[in-house]
Amino acid sequence: MSEQIVTVDIGGTHARFAIAEIEGGRVLSLGEATTLHTKDHASFQTAWQDFGRQQGGVLPRAVAIAIAGPTRGDIIRFTNNPWIIRPALVNEKLDVDRYVLVNDFEAVGHAVAQADTRYFERLTGPDEPLPESGTISVIGPGTGLGVAHIWRDGASYRVQATEGGHIDFAPLDSIEDAILARLRKRHRRVSIERIVSGPGIVDIYETLAALEGRAIPRLDDKAIWTNALSGDDSLAAAAVDRFCLSLGSVSGDLALAQGASGVVIAGGLGLRIRDSLVRSGFPERFIEKGRFEGFMSALPVKLITHPQPGLFGAAAAFARQHG
């Protein structure tokens, strides 16, 4: 028998809520998302109550919560908003009987495992569905760099969130040498997250300007992404192409390390640059792994296009745990 649950995806700026229907360990449907600004609510509880009022005052007595940060410990704090969640008090504060807390990128892994094939767009490799068995690497550039993998045996699956975004950055040409040199002036070690993440575009952009001897205004990452994707700034566009090259290399490295039989690029940033990924050097960089080029070229590499992977994935995690 199917049941309804509330599914929530909490980030620094927004908290998204929806009603999901689950059965047999899977998500049957996901309702329309309601987005609330975290700054407009004193706590998660008051945001929950606001969503409840919008739903007519009665909510299902089960909730799946995806959180942008670690989910271990007696108190969960957020980096970019003042909310605090005490897992031991979730049932009492939200008036629910069951709950699941997962890291937001672990939720994305569940979304990749359960989403319909229509939500996957080919980036490179064979134009075929992701394999039903083996390991799927999931890489998500955003505020940081999310890395997870899914192991599937045809009938079931497991999601493993990792800290793969913090492995060392390995430059492959003189421009990446210059990016690394710039970052080493500020950091004792430079991880791939310093380059292959939303904020990483700033150092890429400023390095390219320095190599050309060009004076540029100080821009934040949001402005550079906007200028690049609007076509208003050729240097910003070049920075995005360089970003895609590095993402291709990193994704290939992670696929090799995890023994992947398929790869998925996830996250809102991936969707924003989908056209750049296809026409940049991303596919070539992904494949160029020396003696393993034949192996890499045979891997399907997809972009997940589901509009709410965090909400869908949190619900899928709940369904798996309680199904």
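In the block above lies the structure referred to throughout.
The sections below set out a description of the structure shown in this document. (Residues numbered from 1 in each chain as written. Predicted model: local features only at pLDDT ≥ 70, side-chain atom pairs only at ≥ 80, totals over all residues. Heavy atoms only, no water.)

1. Here's the deal with a nonpolar patch on the surface
Reasoning step 1: On the surface, Leu256, Phe292 and Phe295 cluster together into a nonpolar patch covering about 260 Å² of accessible area.
Reasoning step 2: As for its position among the elements, Leu256 is in helix 7 (residues 234-258). (Patch = residues over 30% accessible without salt bridge, like charges linked within 9 Å, V, L, I, M, F, W, Y side chains within 5 Å. Areas by Shrake-Rupley, 256 points an atom, 1.4 Å probe, with all protein chains shown as cover. Salt bridge = Lys/Arg side-chain N within 4 Å of Asp/Glu carboxyl O. Helix = DSSP H or I, 4+ residues; strand = E, 2+ residues; numbered from the N terminus.)

2. So, the packing of helix 6 (residues 221-230) against helix 7
Reasoning step 1: One can describe the packing of helix 6 onto helix 7 by two numbers: an axis separation of 8 Å at closest approach and a directional angle of 100°. Classed by the angle they form, the pair helix 6 and helix 7 counts as roughly perpendicular. Counting all contacts with helix 6, which are made through Ile224, Trp225, Asn227 and Ala228, the residues of helix 7 involved are Ala236, Ala237, Val240 and Phe243.
Reasoning step 2: Tallied by class, the residues present in the contact of helix 6 with helix 7 amount to seven nonpolar, one polar and no charged. (Axes fitted to C-alpha atoms, helices over the stretch in contact; angles between N-to-C directions. Parallel < 35°, antiparallel > 145°, perpendicular 65-115°, else oblique. Contact = heavy atoms within 4.5 Å. Nonpolar A, V, L, I, M, F, W, Y, C, P; charged D, E, K, R; others polar.)

3. What about the sheet that holds strand 14 (residues 301-304)?
Reasoning step 1: Sheet architecture is open: six strands sit in the order 9-14-13-10-11-12, paired in mixed fashion. Strand pairing shows two members of the sheet lacking a second neighbour, strand 9 (120-124) and strand 12 (157-162), which therefore form its edges. Within this sheet the neighbouring strands show an average axis-to-axis angle of 25°, counted without direction.
Reasoning step 2: Bridging between strand 10 (residues 133-141) and strand 13 (residues 260-265) involves five bridges; their strand directions are parallel. Paired with Ile139 across the bridge in strand 13 is Ile265.
Reasoning step 3: Where helix 7 meets the sheet, its contacts fall on strand 10, strand 11 (145-153) and strand 13, and the angle it forms with strand 10 comes to roughly 150°. (Pairing = 2+ DSSP bridges.)

4. Observations concerning the environment of Ile85
Reasoning step 1: Looking at the element boundaries, Ile85 is found in strand 7 (residues 84-85).
Reasoning step 2: Assessed through its relative accessible area of 3%, Ile85 is described here as buried.
Reasoning step 3: Between the C-alpha atom of Ile85 and that of Ser43, which follows or precedes it by 42 residues, the distance is 8.6 Å.
Reasoning step 4: The residues contacting Ile85, other than those within four sequence positions of it, are Ile10, Phe44, Ile67, Asp74, Ile75, Ile76, Phe78 and Val90. (Buried < 20%, exposed > 50% of the residue type's maximum accessible area, 1.4 Å probe, protein only.)

5. As for the packing of helix 5 (residues 201-212) against helix 7
Reasoning step 1: Direction vectors running N to C along helix 5 and helix 7 enclose 120°, while the axes themselves pass 9 Å from each other. What the angle tells us is that helix 5 and helix 7 run oblique. Classified by chirality, the crossing of helix 7 by helix 5 is right-handed. Note on element contacts: helix 7 touches helix 5 through Leu235, Ala236, Ala238, Ala239, Val240, Arg242 and Phe243, opposite Ile201, Ile204, Tyr205, Leu208, Ala209 and Glu212.
Reasoning step 2: Of the residues in the contact of helix 5 with helix 7, the class split is 11 nonpolar, no polar and two charged. (Left-handed = near helix turned anticlockwise from the far one by under 90°.)

6. Brief notes about helix 1 (residues 44-54)
Reasoning step 1: Among all positions of helix 1, only Phe44, Ala47, Trp48, Asp50, Phe51 and Gly52 are buried.
Reasoning step 2: If you follow the buried residues of helix 1, they end up packed against strand 1 (3-10), strand 2 (14-23), strand 4 (34-37), strand 5 (62-67), strand 7 and helix 2 (90-94).
Reasoning step 3: Taking the backbone nitrogen of Gln45 as reference, a side-chain oxygen 3.3 Å away marks Ser43 as the first, capping residue of helix 1.
Reasoning step 4: Positive backbone phi, at 95°, marks Gly56, one or two positions downstream of helix 1. (Polar contact = N/O pair within 3.5 Å; in protein donor to acceptor, adjacent residues only side chain to side chain.)

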